[in-house]
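# Inside the fold
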Amino acid sequence: MVIKQGETKKNIKSILENLVKGVKPKGIDIYKYVGKINLKKDALKIQKELRNEW
């Protein structure tokens, strides 16, 4: 794709949207796992414990 000088924001956005539509994701869809973990402790406490193991 070529974006010429003087293109409007609208034209640039449409070009970028067309590029994104053509790209197919590789691998697994990680977004289906977002927010699915249930922690019994506070995440910050877990992180501090892991760092103190060394």
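Here, residues in each chain are numbered from 1, in the same order as that chain's written sequence. Since the coordinates come from a predicted model, pLDDT governs what is reported: local features require at least 70, and pairs of side-chain atoms require 80 or more to be given and counted, while whole-chain, interface and lining totals use all residues. Hydrogens are left out, water is left out, and the side-chain values use all remaining heavy atoms of the structure.

Turning to the overall build of the protein, a few remarks are in order. Counting its regular elements, the protein contains 2 helices and 0 strands. Atoms considered for the radius of gyration are the C-alpha atoms alone. The globule rule reads 2.2 Å times the number of residues to the power 0.38. The C-alpha radius of gyration computed for the protein amounts to 21 Å, which surpasses the reference 10 Å derived for 54 residues by more than 25%, pointing to a less compact arrangement than a globule. A principal-axis box enclosing the C-alpha atoms of the protein has dimensions of 55 × 25 × 20 Å. Within the protein, the fraction of its 54 residues that count as buried is 2%. Computed with a 1.4 Å probe, the accessible areas rest on the Shrake-Rupley method; for each residue, only the protein chains presented here act as cover. For the protein, the accessible area works out to roughly 6100 Å², and carbon and sulfur atoms hold 57% of it. Secondary structure elements are taken from DSSP: a helix is a run of H or I of four residues or more, a strand is a run of E of two residues or more, and numbering for both begins at the N terminus. Burial classes follow relative accessibility: with a 1.4 Å probe on protein chains only, a residue under 20% of its type's maximum area counts as buried, one over 50% as exposed, and anything between as partly exposed.

Any Lys or Arg side-chain nitrogen found within 4 Å of a carboxyl oxygen on Asp or Glu counts as a salt bridge. As enumerated under the stated definition, the model contains 1 salt bridge in all. Measuring nitrogen to oxygen at the nearest pair gives 3.2 Å for the salt bridge that ties Lys 41 to Glu 49. For Lys 41, a relative accessible area of 47% corresponds to the partly exposed category. For Glu 49, a relative accessible area of 41% gives the class partly exposed.

As for its position among the elements, Lys 45 is in helix H2 (residues 43–52). The exposed category is assigned to Lys 45, whose relative accessible area is 53%. On a C-alpha basis, the gap between Lys 45 and Ile 15 in space is 46 Å, while along the polypeptide they are 30 residues apart.

Note on patches: the residues involved have over 30% relative accessible area and no salt bridge, like charges join within 9 Å, and the nonpolar side chains Val, Leu, Ile, Met, Phe, Trp and Tyr join within 5 Å. Where nonpolar side chains cluster on the molecular surface, the patch consists of Ile 28, Ile 30, Tyr 31, Tyr 33 and Val 34 and spans about 640 Å² of accessible area. Considering the arrangement of structural elements, one finds Ile 30 in the loop between helix H1 (9–22) and H2. Classification of Ile 30 by relative accessible area gives exposed; the value is 53%.

Turning next to the environment of Ser 14. Checked against the element boundaries, Ser 14 lands in helix H1. Taking C-alpha positions, Ser 14 is 45 Å from Lys 48, a pair spaced 34 residues apart along the chain.

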